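Residue-level listing of the chains:
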Amino acid sequence: MASLQKLITFFRNFLFSRANREFLIFLFFLGLSGIFWLLMTLNETYERELVVPVHIADVPSDVMLTSDETDTIKVTIRDRGITILTYMYGEALKKVEASFKNYDQTGGNGSISASELAKIVQNRLAASSKIVAVKPDKLRFYYNSGSFRRVPVRWRGRVIPEHLYFLSQVSYDPDSVTVYASEERLDSIRLIYTEQLNYVGFRDTLAVDCRLRKIEGAKLVPDHVRITFHTDVLTEESIDDIPIEGINVPPNKILRTFPAKVSVRFVTGVNVYRTLSAKDFTVIADYNELRDQPSEKCNIYLQKVPQGITRAALVTKQVDYLIESTP
């Protein structure tokens, strides 16, 4: 208790010593002058551009907005600083509403002119405030009465794995979304793309939550998807003993090739290669080509290859052949 009393006495003597008393008086008048300066500054007239959200209200139950329910405009307001400060941090301009029925132009769209937007915002302002400018010149919204279509999703951007790796598979969740728009607009929408992606230099499976690119006059449900990029290690391999099949061969003919089976080289992922067999490839020899242009050798062609491989090529492109007649 005695030590506390000594501490209080020390601080009291320190604060109210002659030098410190003069310093406290200086701080008092400095603060007072700062308050007067702030009041004078806030009392002056300023112009400030504010971002104002405009919400489309009173939408009928049988109507679906295909554009955003809330859009933003930029309004330049002139008034005293103290008033503009209340607009910046107050609730007056946090949510401005425009009635759907007042601006519906039928045909699946509506618009609100800059002058109408100014009137709507002015109703939320003090009498002393003046609107100097409104951007944009017109606010448009779109709607329909239930027309929709399921549309597949595709990614867009730059997704490149590390060297010696490649994208073996891309999966989407969901793989398609519901698009609400006018019938005319729906007819022109074939694919929905994501916003631009940019992922480089990864080797493990990459899962990305991304938003879908907006389409004017259309509403996407959902408006985002989860995309998984599966990677695999590149390898150059081959498959042997793939039989050569004759095509366009008449019923009374037999096309025999020597050898009867060939090999195919290709580039693929290690995991894909483990699932492949000769049955996944189709190699053909065309009888019509031999009939029209007889030669000593028969050309063979790789007609079918499985998904997930690249640079597929036959090891042998010409073989010996024999055409036999049957009774």
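Everything below is about the structure printed above this text.
Because the structure is a prediction, the values reported are computed rather than measured. (Residues numbered from 1 in each chain as written. Predicted model: local features only at pLDDT ≥ 70, side-chain atom pairs only at ≥ 80, totals over all residues. Heavy atoms only, no water.)

Draft legend 1. View of the overall build of the protein. Broken down by element type, the protein carries 8 helices and 23 strands. Looking at the protein as a whole, 33% of its 327 residues qualify as buried. Taking as baseline every contact in the protein between residues at least 6 positions apart, the subset at least 24 positions apart corresponds to 72%. About 20900 Å² of surface is accessible on the protein, with carbon and sulfur atoms providing 53% of the total. (Helix = DSSP H or I, 4+ residues; strand = E, 2+ residues; numbered from the N terminus. Buried < 20%, exposed > 50% of the residue type's maximum accessible area, 1.4 Å probe, protein only. Contact = heavy atoms within 4.5 Å. Areas by Shrake-Rupley, 256 points an atom, 1.4 Å probe, with all protein chains shown as cover.)

Draft legend 2. Fine view of the sheet that holds strand β7 (residues 138–144). Reading across the sheet, the 3 strands line up as β2-β7-β5 and stay open at both edges, with antiparallel pairing between neighbours. Of all strands in the sheet, those bounded by a partner on one side alone are β2 (64–65) and β5 (109–113). The strands that helix α5 (residues 114–122) touches are β5 and β7; relative to β5, the one it contacts most, it runs at about 70°. (Pairing = 2+ DSSP bridges. Axes fitted to C-alpha atoms, helices over the stretch in contact; angles between N-to-C directions.)

Draft legend 3. Focus on the environment of Ala207. The topology assignment puts Ala207 in strand β14 (residues 206–211). Taking the relative accessible area as the measure of exposure, Ala207 reaches 38% and is therefore partly exposed. The spatial distance from the C-alpha of Ala207 to the C-alpha of Phe229 is 6.3 Å, given a sequence separation of 22 residues. Sequence-distant contacts of Ala207, defined by excluding residues within four places in its chain, comprise Arg226, Ile227 and Thr228.

Draft legend 4. Main features of the pattern of salt bridges. Summed over the entire model, instances satisfying the criterion amount to 12 salt bridges. Arg291 serves as the salt-bridge partner of Asp292, at 3.2 Å between the closest nitrogen and oxygen. The exposure class assigned to Asp292 is exposed, which follows from its relative accessible area of 55%. (Salt bridge = Lys/Arg side-chain N within 4 Å of Asp/Glu carboxyl O.)

Draft legend 5. Examining the packing of aromatic side chains more closely. Counted according to the given criterion, the structure contains 6 aromatic pairs. Centroid distance Phe100 to Phe141: 5.7 Å. Interplanar angle 50°. Geometry classified as tilted. Remark: Phe141 occurs in strand β7 and Phe100 occurs in helix α4 (residues 100–103); sequence separation between them is 41 residues. Exposure remark for Phe100: the relative accessible area of 5% places this residue in the buried category. Classification of Phe141 by relative accessible area gives buried; the value is 3%. Among the aromatic residues, those joined into a cluster by ring pairs are Phe100, Phe141 and Tyr143. The ring of Tyr193 is capped by Arg156, whose NZ or CZ atom sits 4.0 Å from the centre of that ring. (Phe/Tyr/Trp six-rings, centres within 6.5 Å; stacked < 30°, edge-to-face > 60°. Lys NZ or Arg CZ within 6 Å of the ring centre and 35° of its normal.)

Draft legend 6. How the structure looks around the layout of surface pockets. Considering only enclosed or pocket space, the largest pocket measures out at about 520 Å³ in volume. Around the largest pocket, the lining is made up of 23 residues, and of these Thr66, Ser67, Asp68, Lys214 and Ala218 lie nearest the centre. Among the elements of the structure, β1 (45–57), β3 (70–80), β7 and β15 (219–221) are those that each provide at least two residues to the lining of the largest pocket. No other element matches β7, which puts 4 residues into the lining of the largest pocket. Looking at the lining of the largest pocket residue by residue, the classes come out as 9 nonpolar, 4 polar and 10 charged. (1 Å grid on protein atoms, 1.4 Å probe; cavity = no way out; pocket = protein on both sides within 12 Å on 5 of 7 lines; lining within 4 Å. Points joined across faces, edges and corners; volume = space filled by probe spheres on them. Nonpolar A, V, L, I, M, F, W, Y, C, P; charged D, E, K, R; others polar.)

Draft legend 7. Region of interest: the sheet that holds strand β11 (residues 176–180). Taking strand neighbours across the sheet as the criterion, the 4 strands line up as β12-β8-β11-β15 in an open arrangement whose pairing is mixed. The open sheet is flanked by β12 (192–193) and β15, the only strands paired with a single partner.

Draft legend 8. Here's a closer look at unusual backbone geometry. With an omega of 0°, the peptide bond running from Lys135 to Pro136 counts as cis. Mapped onto the elements of the fold, Pro136 is located in the loop between β6 (130–135) and β7. Of the consecutive residues Val221 and Pro222, the connecting peptide bond is found in the cis state with omega at -5°. Its location among the elements puts Pro222 in the loop between β15 and β16 (224–247). The backbone of Leu164 sits at a positive phi, close to 75°, despite the residue not being glycine.

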